Structures are given as structure tokens and as C-alpha cells.
Amino acid sequence: QVQLVESGGGLVQPGGSLRLSCAASGFTFSSYAMSWYRQAPGKERELVATITGAGSITKYADSVKGRFTISRDNAKNTVYLQMNNLKPEDTAVYYCKVVVLGYWGQGTQVTVSS
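The numbering scheme is per chain: residues are counted from 1 as the chain's sequence reads. The model is predicted, so local features are restricted to residues of pLDDT at least 70 and side-chain atom pairs to those at 80 or more, both for listing and for counting; the totals for chains, interfaces and linings are taken over all residues. The side-chain numbers reported here are obtained from all heavy atoms of the structure, hydrogens and water having been left aside.

Enquirer: How should the packing of aromatic side chains be read in this particular structure?
Expert: We describe a pair of aromatic rings using the distance from one ring centre to the other and the angle between the two ring planes. What counts as a ring pair is set by centres within 6.5 Å for rings of Phe, Tyr and Trp (its six-membered ring), and what kind of pair is set by the plane angle: stacked under 30 degrees, edge-to-face over 60, tilted for all other angles. Tallied over the entire structure, the rule returns 4 aromatic pairs. Where Phe-27 meets Phe-29, the ring centres are 6.1 Å apart and the plane angle is 55°; that geometry is what we call tilted. Exposure remark for Phe-27: the relative accessible area of 14% places this residue in the buried category. Look at Phe-29 and you get buried, because its relative accessible area is 2%. On the basis of an interplanar angle of 70° and a centroid distance of 5.8 Å, the ring pair of Phe-27 and Tyr-32 is categorised as edge-to-face. Each residue is assigned to one of three classes by its accessible area relative to the maximum for its type, calculated with a 1.4 Å probe on protein chains only: buried under 20%, partly exposed between the two thresholds, exposed over 50%. Judged by its relative accessible area of 24%, Tyr-32 falls in the partly exposed class.

Enquirer: Got a minute to help me understand the pattern of salt bridges in this structure?
Expert: Side-chain pairing between opposite charges can occur once the charged atoms of the two side chains come close. Basic side-chain nitrogens of Lys or Arg form a salt bridge, by our definition, when they fall within 4 Å of a carboxyl oxygen of Asp or Glu. Summed over all chains, the structure comprises 4 salt bridges. Residue Glu-46 pairs with Arg-38 through a salt bridge whose shortest N-O separation is 2.6 Å. Each of Arg-38, Glu-46, Arg-67 and Asp-90 takes part in salt bridges that share partners, so that together they form one network.

Enquirer: I'm lost on unusual backbone geometry in this one. Help?
Expert: One can expect most non-glycine residues to show negative phi and most peptide bonds to be in trans. Positive phi is not limited to glycine here, since Asn-77 has a value of about 50°. Counting from the N terminus, the helices are DSSP H or I runs at least four residues long and the strands are E runs at least two residues long. Counting through the fold element by element, Asn-77 comes out in the loop between strand 7 (68–73) and strand 8 (78–83). Asn-77 sits in the partly exposed class, given a relative accessible area of 26%. For Val-100, which is not glycine, the phi dihedral falls at a positive 80°. Structurally, Val-100 can be placed in the loop between strand 9 (92–98) and strand 10 (108–112). Looking at Val-100, the relative accessible area reads 75%, which means it is exposed.

This is the structure:
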């Protein structure tokens, strides 16, 4: 069965960095685009970034462009989200998703606070 396991969240000060990982199994990882979403308290889940199966094309929400980088290692069946210059408004639970198949991970909490 499809499994997505996120890790790497935590508490970080404004201006800091975190790298999230999403380890995937149960499907042909390299064949599918992957996305990161986030959901802040009281807000709808929003798309943060997407990467194609080969990793050749990436797209970002305007709010994270220039600060976040999505990447993937198809040999490790893992997608990453490098988050730099974090802001308090980046605080949310971050989820990875298999585009098209629609499977979600359980999420990892990111808190940006001084």
C-alpha cells in the first residue's frame, strides 16, 4: 500500500532554516509528481510546491518563491522541501502528496517563533 512519511519539522526562529523529507513507498515513485502542502490553524490547506517525476520542473506558491526549494531523490524514493529564511507565517503542518494518486502523508509540524 502507498505510504508517505514526513519528517524534519520542528521549532525554528525567524530567519532560520529547516529541511523536510517525505519518504514514499508502495508505488513507482519516479513516475509521479509530488507536492508539498501546508495547513495553518484555522486556514485551508494550501499548495506550497510541486515537482515533476523526473525532477525537471518545479513550481512554487508566490508566498515561498525564493525561500523554499523542492527536490527529490528517486533512488531513495524521497522528496524534500528546503525552507530558508522562515517567517512566523510559515507556521503550519506540512504534508506531502502524490499528485494524481491523491495520497497524503500524516504531516509534520513547523513552528517559526522567537
